[in-house]
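The residues making up each chain are set out below.
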Amino acid sequence: MRICITGVAGFIGSNLAIALLRKGYEVTGIDNLSQGFLRNIEPLNGNSSFRFVKGDVRDATQVLSAAKGADIIVHLAAYKIPRYDNALDTLLINAHGAENVLKAGVKNQCRVLFASTSDVYGKNPHLPFSEETDLYLGATNIKRWAYACSKLFDEHLAFAYAQEFGLHVVGIRFFGAYGPRQNLTWWGGPQSVFINAALKNEPMEVHGDGKQTRSFTYIDDTVDGVIKIIEKREADGQIFNLGDTEPVSIIDLASMVWKLVRDDEPKIKFISYQTFGKYEDVRHRVPDITKARKILGFEPKVGLMEGLTKTVVWQRSVLEALKNE
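Residues numbered from 1 in each chain as written. Predicted model: local features only at pLDDT ≥ 70, side-chain atom pairs only at ≥ 80, totals over all residues. Heavy atoms only, no water.

## Topic: the environment of Ala148
Filter applied, for reference: Put simply, DSSP H or I for four residues or longer makes a helix, DSSP E for two residues or longer makes a strand, and each gets a number counted from the N terminus. Exposure categories follow from relative accessible area, calculated using a 1.4 Å probe and restricted to protein chains: below 20% of the type maximum is buried, above 50% is exposed, and the middle band is partly exposed.
Turning to its location among the elements, Ala148 is positioned in helix H4 (residues 146-165). Ala148 gets classed as buried once you look at its relative accessible area, which sits at 0%. Once the C-alpha coordinates of Ala148 and Asp119 are considered, the two residues, 29 residues apart in sequence, prove to be 5.4 Å apart.

Structure (structure tokens):
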């Protein structure tokens, strides 16, 4: 089976490509390297079953070329929550990228798996979030919601293509994936910057009061869920939550990371949300994975402490390598 991955040099994309190649699939990956890194796919150099295309998902011709002959397109390329940046790139990259991927899916008559996000559940207070849960987003003049809005548009667009053209699509709402090959900035999530700070013996920046909770999912479990979707046609036409169901507060996450790196008391610096202008955070986020368990046989296996331990080892080695370049 031939699989095309957009955002292949990113965190989930690179780990997925490596896992698929180990299983004997052929993989073509496209990435413009704006947020992905060639070091992530370096282990694939020389693998005859892997082809890399440097290209942008906003370019329909490049997407169509990369996807030519694919049986499945896994669309992971995206721009994330505009915490520090403006919202325009988030909206346009995600909307145009999804449209080009769906058009390529129609052209190739292949399945399309597309990444959505747990952020679409927004401010819904009813936990845990099932795929049928109502979605509560904030005001449109608060740019923080641009990412969730763009991904909701992608979901609607995908199912509209399915209805109009008979395209087989599957949506994946990821919950807090982390682990080796994660981005080393806030793009990688709070655990990434916490590890950086702890390794440098610098204060960890915790936004708000740190009591907000999240579900963090080790990358091996995330990739296992995606592969199960690839290999089960019963997944077609569905949206799935993929995530761990055990939440942790951000302040507790920071303490866990610090204690994995150092022996002294954690250094924590609280950052007010006012720093980001009009910003709204989600207080709690926990997935209901009943559907993924029933249809896919998905079950997270790596606990948070085990996953963080592996991630700290990896991130330490990467930072040392970058320092010596």
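## Some points on helix H1 (residues 11-22)
This is how the line gets drawn: The span one expects for a helix is its residue count, reduced by one, times 1.5 Å.
Compared with the 16 Å implied by 1.5 Å per residue over 12 residues, the 17 Å span of H1 between its first and last C-alpha is a close match. In terms of burial, H1 is a largely internal element, 11 of the 12 residues being buried.

## Let's talk about the packing of aromatic side chains
Aromatic rings considered in pairs are described by the distance between their centres and by the relative angle of their planes. Threshold: Geometry of aromatic contacts follows a simple scheme: Phe, Tyr and Trp rings, the Trp one being its six-membered ring, pair when their centres are within 6.5 Å, and the pair is stacked under 30 degrees between planes, edge-to-face over 60, tilted otherwise. Here, over-ring charges are defined by two tests on the NZ atom of lysine or the CZ atom of arginine: distance to the ring centre within 6 Å, and angle to the ring normal within 35 degrees.
In total, this model carries 8 aromatic pairs according to the counting rule given. Arranged with centres 5.2 Å apart and planes meeting at 40°, the rings of Tyr161 and Phe165 form a pair that is tilted. You can see Tyr161 and its partner Phe165 sitting in helix H4, 4 residues apart, about one turn around the helix. Between Tyr178 and Tyr218, the aromatic rings sit 5.6 Å apart at their centres with planes inclined by 70°, giving edge-to-face as the arrangement. With a gap of 40 residues between them, Tyr178 in strand E7 (residues 177-178) and Tyr218 in strand E10 (residues 217-218) connect regions that are remote in the sequence. Since its relative accessible area comes to 0%, Tyr178 is described here as buried. Tyr218 gets classed as buried once you look at its relative accessible area, which sits at 4%. An aromatic cluster is present here, built from Tyr121, Phe129 and Phe175 joined pairwise through their rings. Arg144 extends its terminal NZ or CZ atom over the ring of Trp145, reaching a point 4.3 Å from the ring centre. In this structure, Lys291 packs its charged tip against the face of Phe240, placed 5.7 Å from the ring centre.

## Topic: a nonpolar patch on the surface
What counts, and what does not: Without a salt bridge and with relative accessible area above 30%, a residue can belong to a patch; like charges are then joined within 9 Å and nonpolar side chains (Val, Leu, Ile, Met, Phe, Trp, Tyr) within 5 Å. Accessibility throughout is a Shrake-Rupley quantity obtained with a 1.4 Å probe, and a residue counts as covered only by protein chains that appear here. A pair is scored as a salt bridge if a Lys or Arg side-chain nitrogen falls within 4 Å of a carboxyl oxygen belonging to Asp or Glu.
Nonpolar side chains collect at one region of the surface, where Leu88, Leu91 and Leu92 lie side by side and expose about 250 Å² of accessible area between them. Assignment of secondary structure puts Leu92 in helix H3 (residues 88-108).

## Describing the state of the cysteines
Just so we agree on the cut-off: The disulfide criterion is simple: two cysteine sulfur atoms within 2.5 Å.
One pass over the structure, following the stated rule, counts 0 disulfides. Of all cysteine sulfurs, the one in Cys4 lies closest to Cys110, which takes part in no disulfide; the gap is 8.2 Å.

## Side note on the packing of helix H5 (residues 190-200) against helix H7 (residues 250-261)
How we decide: In this description, a line fitted to the C-alpha atoms serves as the axis of each element, helices being fitted only across the stretch in contact, and the angle between N-to-C directions of two axes falls anywhere from 0 to 180 degrees. Put simply, angles under 35 degrees are roughly parallel, angles over 145 are roughly antiparallel, angles from 65 to 115 are roughly perpendicular, and the rest are oblique. For a crossing to be left-handed, the near helix must be turned anticlockwise from the far one by less than a right angle; the clockwise case is right-handed. Note on contacts: a residue pair qualifies if any of its non-hydrogen atoms lie within 4.5 Å across the two residues. Gly is placed with the polar residues, together with every amino acid not listed as nonpolar (Ala, Val, Leu, Ile, Met, Phe, Trp, Tyr, Cys and Pro) or charged (Asp, Glu, Lys and Arg).
Close contact between H5 and H7 brings their axes to 9 Å; oriented N to C, the two are set at 40°. With respect to H7, the element H5 is oriented oblique. As H5 runs across H7, the sense of the crossing is right-handed. Where H5 approaches H7, its residues Pro190, Gln191, Phe194, Ile195, Ala197, Ala198 and Leu199 are matched on the opposing element by Ile250, Leu253, Ala254, Val257, Trp258 and Val261. Taken together, the residues of the contact of H5 with H7 break down into 12 nonpolar, 1 polar and no charged.

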